[in-house]
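Now for the letters of each chain:
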Amino acid sequence: MGVEDVIGRLMKALAEASKEEPYLGISQKVDTSDSTPVYEDGDMGECDPLSDFAYLDTSSRVIQVKGANIFMASLYGNDNGTHVMVPSDSLVPFIAVKGSEKALEKVKAELGNLLVTRNVNGVEYDSEYKDDNILDELRISLENYFIESSRNAVLVDGPIVPGPYLEMVGEPYRSAFEELASRRHKEKLVGIVKRLSFTRKLSREENVKRKFPKLLGSTDDIIVHQMSRSVKSDVFFSPVYKEELNLKGSSVTRYMVYVKVRDSVFRVESTDRNLLCRGAMASARNASIRGIPTFIEVADKISKRLSASAFVLSFIYARTMLGVNYEDWNSFVEATRDLND
């Protein structure tokens, strides 16, 4: 039996299984005791799509130089036709360093306020501080910079309240994410969440539990596909859902609608229900062949190229002056590929 035959039979068997059971993964038990409730809030209704708006995406990478970790973030934003890029000639902090006292002393003397060595609450990036959180905080800071500078509604790749689920995050990370999220101008923000194969919000909603009992514990994209089975159009909008979030003692209402364009599903979020509708309509109208908003795909690709260029430049200098390790060679190959994509 050849490889092609094995793979073909594997996919045929899974296709047969999916006719009886739409979600083929291991269903997870949905524990709502430590989760915020999700409620259905009626149909989205009719509205005009946004015509003038800004959009953005960010990217980040890390290189290790003689044990010092250098974190680099990038941003591409388009503010109704005006391009905004970081890193660029604009002096916006986009680099963080975690290293020895001597390393920090030298780089601070060279770069001053352009360098980040502490989180937004002043906690130092020491040896215990998680690298992934530093990258998250850098990207969120750049997003906040762009959102604050724009006068238009802003469509961002990701949720309107950034970062992980705060109830599951310990200190000092939780307070850092809360502070960054509280500084964000959410009243003009629309979030586009693409990676729904990792989220299970809909399994917490009572109407979904009643209508799709066999799908509880499956991911949101699978549930939306089942919701849209009887819809002949290429575009499907779910009911609107809402969720109350606690952010530094204040309540934030997040309205959400799921949009299916052909085979792709994404979630649109906003704190304003009318802005949610207009953002969802604009996203569906501008969907690419993949079913994802074209402007999000553009911002994603350019932001990755910007971070790749910063990484490649860092790699070249580091290799010449200090030396690089095996993992950074692999990351260099990946960054070069992103530049040529």
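Before reading further, recall that the structure is shown in the block above.
Here we summarise the structure given alongside this text. No experiment lies behind these values; they were computed from the predicted model shown.

### A word on the nonpolar core
Soluble globular proteins: nonpolar side chains tend toward being buried together. Counting residues in hydrophobic clusters, the biggest one holds 33 residues, and the most contacted among them are Leu 56, Leu 75, Ala 96, Phe 146 and Val 154. Counting only elements with at least two residues in this core, the list comes to strand 2 (53–65), strand 3 (68–79), strand 4 (82–86), helix 3 (131–149), strand 7 (153–157), helix 4 (173–182) and strand 9 (235–247). Those residues in contact with Leu 56 that lie beyond four places of it in its chain are Leu 75, Tyr 76, Gly 77, Glu 143, Phe 146, Ile 147, Val 154, Leu 155, Val 156, Asp 157, Ile 296 and Ala 299.

### Quick notes on a nonpolar patch on the surface
A contiguous nonpolar surface patch, about 780 Å² in accessible area, is contributed by Met 1, Val 3, Val 6, Ile 7, Leu 10, Met 11, Leu 14 and Leu 24. With respect to the helices and strands, Met 1 occurs in the segment before helix 1 (3–20).

### Thoughts on the packing of helix 8 (residues 294–321) against helix 9 (residues 326–340)
Running from N to C, helix 8 and helix 9 cross one another at 140 degrees; their axes reach a closest spacing of 9 Å. Between helix 8 and helix 9, the angle is such that the two are oblique. As for how helix 8 packs across helix 9, the hand of that crossing is left-handed. Across the interface between the two elements, Arg 305, Ala 308, Ser 309, Phe 311, Val 312, Phe 315 and Arg 319 of helix 8 pack against Asp 328, Trp 329, Ser 331, Phe 332, Ala 335, Thr 336, Asp 338 and Leu 339 of helix 9. Here the contact of helix 8 with helix 9 is built from residues that sort into eight nonpolar, three polar and four charged.

### Structural notes on the packing of helix 3 against helix 4
Contact geometry for helix 3 and helix 4: axes closest at 10 Å, N-to-C directions at 10 degrees. Here helix 3 lies roughly parallel to helix 4, going by the angle between them. Only Tyr 173, Ala 176, Phe 177 and Leu 180 of helix 4 make contact with helix 3, whose side of the interface consists of Asn 133, Asp 136, Glu 137, Ile 140, Ser 141 and Asn 144. For the contact of helix 3 with helix 4, the residue count by class is five nonpolar, three polar and two charged.

Here is what the cut-offs are and how they apply
Residues numbered from 1 in each chain as written. Predicted model: local features only at pLDDT ≥ 70, side-chain atom pairs only at ≥ 80, totals over all residues. Heavy atoms only, no water. Core = buried A, V, L, I, M, F, W, Y, C linked by side-chain atoms within 4.5 Å. Buried < 20%, exposed > 50% of the residue type's maximum accessible area, 1.4 Å probe, protein only. Helix = DSSP H or I, 4+ residues; strand = E, 2+ residues; numbered from the N terminus. Contact = heavy atoms within 4.5 Å. Patch = residues over 30% accessible without salt bridge, like charges linked within 9 Å, V, L, I, M, F, W, Y side chains within 5 Å. Areas by Shrake-Rupley, 256 points an atom, 1.4 Å probe, with all protein chains shown as cover. Salt bridge = Lys/Arg side-chain N within 4 Å of Asp/Glu carboxyl O. Axes fitted to C-alpha atoms, helices over the stretch in contact; angles between N-to-C directions. Parallel < 35°, antiparallel > 145°, perpendicular 65-115°, else oblique. Left-handed = near helix turned anticlockwise from the far one by under 90°. Nonpolar A, V, L, I, M, F, W, Y, C, P; charged D, E, K, R; others polar.

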